[in-house]
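Each chain, written out:
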Amino acid sequence: MRILESSEDYLEAMLMMKERYGYIRSIDIANELNVTKPSVSYATKRLRQNGYITMDDEGLITLTDAGMAIASRIYERHRTLTSFFVYLGVDEETAREDACKVEHDLSEVTYEAIKAHALRGMGK
């Protein structure tokens, strides 16, 4: 089953917040993604129903194993593509924005080829 790009964005943002703050709250997701609280409520409900997150009584969100797998995959793509674009001479901000645009749509074959080339080129 293909997960929606918006769901991948939410899961990736959740993982980044967990790493940054140690916790995940809906208000932080809204601020991070620049969306409304009702949008976050709708998205988190959908993610809970699909088994990607859980939410405790205090509203703290936890990624399930399935949610973490998706978030980790997208976040790795984002970091790798950003680094590659910077290596090509793109400024950091543009590289991050462009990575966000393509991280979801690249095939696994193309992504792995870029990743292998980037690692060779950057001496890693």
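Above: the structure in question.
We now turn to the structure provided with this report. (Residues numbered from 1 in each chain as written. Predicted model: local features only at pLDDT ≥ 70, side-chain atom pairs only at ≥ 80, totals over all residues. Heavy atoms only, no water.)

When its secondary structure is counted, the protein chain shows 6 helices and 2 strands. Secondary structure elements in the protein chain, listed N-terminal to C-terminal, are α-α-α-β-β-α-α-α. When the backbone C-alpha atoms are referred to their principal axes, the protein chain occupies close to 50 × 30 × 20 Å. For the protein chain, the residues scored as buried account for 35% of the 124 residues in total. The contacts of the protein chain with a sequence gap of at least 6 include a subset with a gap of at least 24, amounting to 56%. If you sum the accessible surface of the protein chain, you get close to 7,400 Å²; carbon and sulfur atoms cover 52% of it. Each charge class in the protein chain was averaged separately, 16 positive and 21 negative side chains, and the resulting centres sit 2 Å apart. (Helix = DSSP H or I, 4+ residues; strand = E, 2+ residues; numbered from the N terminus. Buried < 20%, exposed > 50% of the residue type's maximum accessible area, 1.4 Å probe, protein only. Contact = heavy atoms within 4.5 Å. Areas by Shrake-Rupley, 256 points an atom, 1.4 Å probe, with all protein chains shown as cover. Lys, Arg positive; Asp, Glu negative; His and termini not counted. Charge placed at Lys NZ, Arg CZ, Asp CG, Glu CD.)

Mapped onto the elements of the fold, Ser6 is located in helix H1 (residues 5–21). It is 23 Å that separates the C-alpha atoms of Ser6 and Ser83, two residues lying 77 residues apart in sequence.

Notably, Asn34 is not glycine yet its phi reads approximately 55°, a positive angle. Tracing the sequence through the fold places Asn34 in the loop between helix H2 (26–33) and helix H3 (37–49). Judged by relative accessible area, which is 72%, Asn34 ranks as exposed.

Residues Tyr10, Leu11, Met14, Ile29, Leu47, Ile53 and Leu63 are the most contacted members of the largest nonpolar core, which totals 20 residues. Elements supplying a minimum of two residues to this core: H1, H2, H3, strand E2 (61–63) and helix H4 (65–87). Among the elements that make up this core, the one with the highest residue count is H1 (7 residues). Sequence-distant contacts of Leu47, that is, excluding residues within four places in its chain, are made with Ser7, Tyr10, Leu11, Met14, Tyr52 and Ile53. Membership of the second largest hydrophobic core comes to 8 residues, among which are Phe84, Phe85, Ile114 and Ala118. (Core = buried A, V, L, I, M, F, W, Y, C linked by side-chain atoms within 4.5 Å.)

Attention now moves to the pattern of salt bridges. Under the defined criterion, the tally for this structure stands at 7 salt bridges. Here Glu8 ties to Arg73 by a salt bridge, and the two come within 3.0 Å at their closest N and O atoms. Of this pair, Glu8 sits in helix H1 while Arg73 is found in helix H4, placing the two residues 65 residues apart along the sequence. Residue Arg25 pairs with Asp28 through a salt bridge whose shortest N-O separation is 2.9 Å. Judged by its relative accessible area of 13%, Asp28 is buried. (Salt bridge = Lys/Arg side-chain N within 4 Å of Asp/Glu carboxyl O.)

Taken by themselves, the reported measurements are silent on function.
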